[in-house]
Amino acid sequence: EIASCLVGSEMCIRDRDKVIRMILEEMDSKIEASEIQDDTNLFEDLEIDSIAALDIVSKVEEEWGISLTDYPELLDEMETVSSFVTFLENLCGGE
């Protein structure tokens, strides 16, 4: 049980790092990775606009091999890094 929990948390860290990398690519080096925390609001703190959000969604779809167009709650879930990663992990079944 402990091993599966550790594997799950390792996946969460890797997923979080992937999402942060995608955000940084979209921000075109305007910020440093250290400026992005789990509770960073993508729209207010980073001022990501709808076009940048769509680009991030496109990268996520490609990376995880999923389609996010069927999820109207997506923008709400993209509010913070943590909520977005949790949404993706739940959507993918924790893979």
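We now turn to the structure provided with this report.

What counts and how
Residues numbered from 1 in each chain as written. Predicted model: local features only at pLDDT ≥ 70, side-chain atom pairs only at ≥ 80, totals over all residues. Heavy atoms only, no water. Salt bridge = Lys/Arg side-chain N within 4 Å of Asp/Glu carboxyl O. Helix = DSSP H or I, 4+ residues; strand = E, 2+ residues; numbered from the N terminus. Buried < 20%, exposed > 50% of the residue type's maximum accessible area, 1.4 Å probe, protein only. Patch = residues over 30% accessible without salt bridge, like charges linked within 9 Å, V, L, I, M, F, W, Y side chains within 5 Å. Areas by Shrake-Rupley, 256 points an atom, 1.4 Å probe, with all protein chains shown as cover. Lys, Arg positive; Asp, Glu negative; His and termini not counted. Charge placed at Lys NZ, Arg CZ, Asp CG, Glu CD. Phe/Tyr/Trp six-rings, centres within 6.5 Å; stacked < 30°, edge-to-face > 60°.

**Quick word on the pattern of salt bridges**
Then, in step 1: In the structure shown here, the tally under the stated rule is seven salt bridges.
Then, in step 2: Here Glu25 ties to Lys59 by a salt bridge, and the two come within 3.5 Å at their closest N and O atoms. Of the two residues, Glu25 sits in helix α1 (residues 2–27) while Lys59 sits in helix α2 (residues 50–64), which places them 34 residues apart along the sequence.
Then, in step 3: With a closest N to O distance of 3.7 Å, Glu26 and Lys59 form a salt bridge. Residue Glu26 is located in helix α1, and its partner Lys59 is located in helix α2; the two are separated by 33 residues in the primary sequence.
Then, in step 4: Using a relative accessible area of 21% as the deciding quantity, one classes Glu26 as partly exposed.

**Here we look at a negative patch on the surface**
Then, in step 1: A cluster of like negative charges, contributed by Asp39, Glu44, Asp45, Glu47, Glu73, Asp76 and Glu79, occupies part of the molecular surface.
Then, in step 2: Note that Asp76 resides in helix α3 (residues 74–77).

**Considering the packing of aromatic side chains**
Then, in step 1: For the structure shown, the criterion picks out one aromatic pair.
Then, in step 2: Measuring from ring centre to ring centre gives 5.8 Å for Tyr71 and Phe87, while their planes differ by 85°; the resulting arrangement is edge-to-face. Placement of Tyr71 in the loop between α2 and α3 and of Phe87 in helix α4 (residues 81–91) is noted, with a sequence separation of 16 residues between them.
Then, in step 3: The exposure class of Tyr71 is partly exposed, given its relative accessible area of 28%.

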